[in-house]
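Listed below are the residues making up each chain.
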Amino acid sequence: METWMVEVAIGALLTAGLWAGTRLFDRNFLQEPPESPQGEPPKKVSVIIPARNEAENLPDLLASLQVQTLQPAEVVVVDDGSGDGTGEIAARYGARVIRHDELPPGWTGKTWALWDGFRHTTGDIVVFLDADVRLAPKGLEALAYARERAGGAISVVPYYIVPTFGEKLALVVNLLGIFVFLSPYEAGKPNRGMYGPCIVARREDYLEIGGHAAVRSEVNEDMALGARFAAAGIPVENYLGGGLVTCRMYPGGARDAAAGLAKSAVRGLAAVGRTTVLLCALWVAGLLLTGMFFWLDWVLAVGLVLYAAQLYRMARHAGTFGAVMPVLHVLSTLFFAVVMLYSLYQTVWLGRVSWKGRQIQVGSGRDA
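Predicted model only: the values in this text are computed from it and were never measured. Per chain, residues are indexed from 1 in the order of the written sequence. Totals for whole chains, interfaces and linings use every residue, but because this is a predicted model, local features are given only for residues with pLDDT of at least 70 and side-chain atom pairs only at 80 or more, for both listing and counting. Water and hydrogen atoms were dropped before computing side-chain values, which therefore reflect all heavy atoms in the structure.

(A) View of the sheet that holds strand 4 (residues 125–129). With mixed pairing, the seven strands of this open sheet are ordered in space as 3-2-1-4-8-6-9. Where the open sheet ends on each side, the last strands, each with one partner, are strand 3 (96–100) and strand 9 (236–240). For this sheet, the mean inter-axis angle between neighbouring strands, taken without regard to orientation, is 20°. Sheet topology note: the strand 4/strand 8 (residues 198–202) ladder contains five bridges and is antiparallel. Note that in strand 8 the partner of V126 across the bridge is A201. Only heavy atoms enter the contact rule, under which two residues are in contact if any of them lie within 4.5 Å. For every element, the axis is a line fit to its C-alpha atoms; helices are fit only across the contacting stretch, and the angle between N-to-C directions ranges from 0 to 180 degrees. Counting from the N terminus, the helices are DSSP H or I runs at least four residues long and the strands are E runs at least two residues long. Docked against the sheet, helix 4 (residues 109–119) engages strand 1 (45–51), strand 2 (74–80), strand 3 and strand 4, running at close to 150° with respect to strand 1. Strands are treated as partners if at least two bridges between them are detected by DSSP.

In structure tokens:
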């Protein structure tokens, strides 16, 4: 085949990949709440936090909840068999602590913690937050306002704080997560998923779909919960956290990130629509081609520059990934490949996933 024909084919593929990334990256940011009219009664908000060995993370989250413009009516921390003083720290910050030492049959640790925590609340609005999430002072008010405006249930993909190189390797994985949850091709689907670290719903809506009890055995409980909301006719809306909802998910670096991401990667992708998956694949193919073979041809070299520019533009809205990782995106892309292979090994070959000292059989919720 003539060289120019190869270059045209490569150029077409790279163009399609760049277009796919642009199409999938929806800048649907959580907005600061407007000034409330005088005399309007505040919503009664309950916050539920599942926590397993989260002594390092909890103080930051609980401190951020104490300075909210919309104060939560109650904060419930479910201490899921921690051995690091998680419960004691939560109590020190005034949270109500529910201690779990045993996991009921058929449940995952997180679904049981979220459901049991909910049963100890009374708020009109329930906010489920992972322990590594942080809220800006107007964060809770913004979440309540966004839920009111959406008229259903919402979730937020936080802005990630990634100070170390190992954490920055998750750039491509995090952007793919944004693609999946904010893709315009997922909007309105009857099985649209939600992002687990930050979910907000009306109490009535949550009870109508059976809450986390209805998805008790799911490793990807957030995807399954969103699908139940959508199937019940309750709108689901996903947002980017921007400066209002942030998170440092994997302070342990690349190893922790790989373990945490792999437990849900393959099963999460299986719940996504074909169009979104195809466009994600096109985008990743372009990343691999430009990152690994840019030195072979000028078209690939130009593609490397264009992909780096696109990644930098998107990464600024996703987290503190800086300017170096977009240029060295092949490292982050290969990290994504490792995560997917490890996820396949766990879910397909072993039939179980590992997280925080637990082995969970896929689809059963039982300890393996």
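(B) Main features of the environment of T290. Following the sequence through the fold, T290 ends up in helix 12 (residues 274–293). On a C-alpha basis, the gap between T290 and G303 in space is 5.9 Å, while along the polypeptide they are 13 residues apart. Only 3.3 Å separates the side chain of T290 from the backbone oxygen of L287, close enough to count as a polar contact. As used in this structure description, the phrase polar contact means that two N or O atoms lie within 3.5 Å; if the pair is within protein, one of them must be able to donate a hydrogen and the other to accept it, and residues adjacent in sequence are counted only when both atoms belong to side chains.

(C) Representation of the nonpolar core in the model. Within the largest apolar cluster, 49 residues are counted, with the highest numbers of intra-cluster contacts made by V157, L175, L176, F179, W283 and F335. Elements with a contribution of two residues or more to this core: helix 1 (3–24), helix 7 (171–182), helix 10 (254–262), helix 12, helix 13 (298–318) and helix 15 (329–350). Among the elements that line this core, the one with the most residues is helix 7, at ten residues. L129, L140, I154 and C198 belong to the second largest nonpolar core, which has 35 residues in total. Residues belong to one nonpolar core when they are buried, are Ala, Val, Leu, Ile, Met, Phe, Trp, Tyr or Cys, and are joined through side-chain atoms within 4.5 Å. Exposure classes here rest on a 1.4 Å probe applied to the protein chains alone. A residue is buried below 20% of its type maximum, exposed above 50%, and partly exposed in between.

(D) Structural detail: the environment of G152. Tracing the backbone shows G152 in the loop between helix 5 (139–150) and strand 6 (153–157). G152 gets classed as buried once you look at its relative accessible area, which sits at 0%. Each C-alpha atom, one on G152 and one on D205, is 7.7 Å from the other, the two residues being 53 residues apart in sequence. Dropping the residues within four chain positions of it, G152 is found in contact with R147, D205, I234 and P235.

(E) Region of the structure containing the pairing of strand 4. Burial analysis of strand 4 places five of its five residues in the buried class, which makes it a mostly covered element. Residues I125, V127 and L129 line one face of strand 4 and the alternating positions V126 and F128 line the opposite face, and both faces are buried. As paired strands, strand 1 and strand 4 are joined by four bridges and run parallel to one another. Looking across to strand 4, one finds that V47 is bridged to V127.

(F) Fine view of the sheet that holds strand 10 (residues 245–247). Spatial strand order, 5-10-7: three strands in an open sheet with mixed pairing. Of all strands in the sheet, those with a lone pairing partner are strand 5 (133–135) and strand 7 (159–160), marking the two edges. Where strand 5 meets strand 10, three bridges bridge the pair, whose relative direction is antiparallel. For V133, the partnering residue across the bridge sits in strand 10 and is C247.

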